[in-house]
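Results of the structural survey
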Amino acid sequence: MIPWRDFFDEMGSALTTRQKRKLSALLAGVTTAYVLRLEHAEAASGIADRIIRAFDPLIEVAQGVSYPVAFLMICGGFLLIMVGQRSKGLAFLKWAAIGYVGMQFAPAIMQILVSVGKAMVTPRP
């Protein structure tokens, strides 16, 4: 590691002039990228929120449809049990319940993932 003082010292510097120019350009580029990233994150956050809100009606429709589908699958599962196919009927019951619960929790899971993504993008003070 090169001490900061040696980087700017003209006499005993361990860096050549070319290396100093490259390092200065790298530092300038990193600083610019960081500033642009902050501005981009703030702008993208507003756009992402609008896109997420635009899909709310579709999410509600999917959740609303999951109830009748799960109901029909549960009825089908009991019918299969009644005709002697116990294992297939129990599988219908199990997957209908898991699917219904999953459809109800899917928006909450996505909100958690979105908040984690926003936390990764936003800078720390």
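Residues numbered from 1 in each chain as written. Predicted model: local features only at pLDDT ≥ 70, side-chain atom pairs only at ≥ 80, totals over all residues. Heavy atoms only, no water.

1. Here's the deal with the overall build of the protein
Going by this rule: Helix numbers and strand numbers start at the N terminus; a helix is a DSSP run of H or I with at least 4 residues, a strand a run of E with at least 2. Classification of residues uses two cut-offs on accessible area relative to the type maximum, computed with a 1.4 Å probe and protein chains only: under 20% is buried, over 50% is exposed, and between them is partly exposed. It only takes one pair of heavy atoms within 4.5 Å for two residues to be counted as in contact. Note on areas: Shrake-Rupley, 1.4 Å probe, and residue coverage restricted to the protein chains presented here.
Assigned secondary structure in the protein consists of four helices and zero strands. Mapped in sequence order, the helices and strands of the protein form the string α-α-α-α. Within the protein, buried positions represent 10% of all 125 residues. In the protein, the proportion of contacts linking residues at least 24 apart, taken out of those at least 6 apart, comes to 41%. Split by element, the accessible area of the protein, about 10,200 Å² in all, is 71% carbon and sulfur.

2. Concerning the packing of aromatic side chains
Worth spelling out the cut-off: Centres within 6.5 Å make a pair out of two Phe, Tyr or Trp rings, where for Trp the six-membered ring is used; the pair is then stacked when the planes are under 30 degrees apart, edge-to-face when over 60, and tilted otherwise.
Inspection of every chain in the model, using the stated rule, returns one aromatic pair. Ring geometry for Y67 against Y100: centres 6.2 Å apart, planes inclined by 70°, an arrangement best described as edge-to-face. With Y67 in helix 3 (residues 56-82) and Y100 in helix 4 (residues 86-121), this pair connects stretches of sequence that are 33 residues apart. On the accessibility criterion, Y67 (52% relative accessible area) is exposed.

3. Things to note about the packing of helix 3 against helix 4
When two helices pack together, their arrangement is given by the angle between the helix axes and by the axis-to-axis distance. So the rule is basically this: The axes are straight lines fitted to the C-alpha atoms, using for helices just the contacting stretch, and the angles between their N-to-C directions are given from 0 to 180°. When describing relative orientation, an angle under 35 degrees is termed roughly parallel and one over 145 degrees roughly antiparallel, while 65 to 115 degrees is termed roughly perpendicular and anything else oblique. Handedness of a helix crossing follows the sense of rotation of the near helix relative to the far helix, less than a right angle counterclockwise being left-handed and clockwise being right-handed. Residues are sorted three ways: Asp, Glu, Lys and Arg are charged, Ala, Val, Leu, Ile, Met, Phe, Trp, Tyr, Cys and Pro are nonpolar, and all the rest, Gly among them, are polar.
Relative orientation of the contacting elements helix 3 and helix 4 amounts to 165°, with a least axis distance of 8 Å. As summarised for this structure, helix 3 and helix 4 are arranged roughly antiparallel, according to the angle between their axes. Helix 4 is crossed by helix 3, and the crossing has left-handed handedness. Of the residues belonging to the contact of helix 3 with helix 4, the class tally is 16 nonpolar, six polar and two charged.

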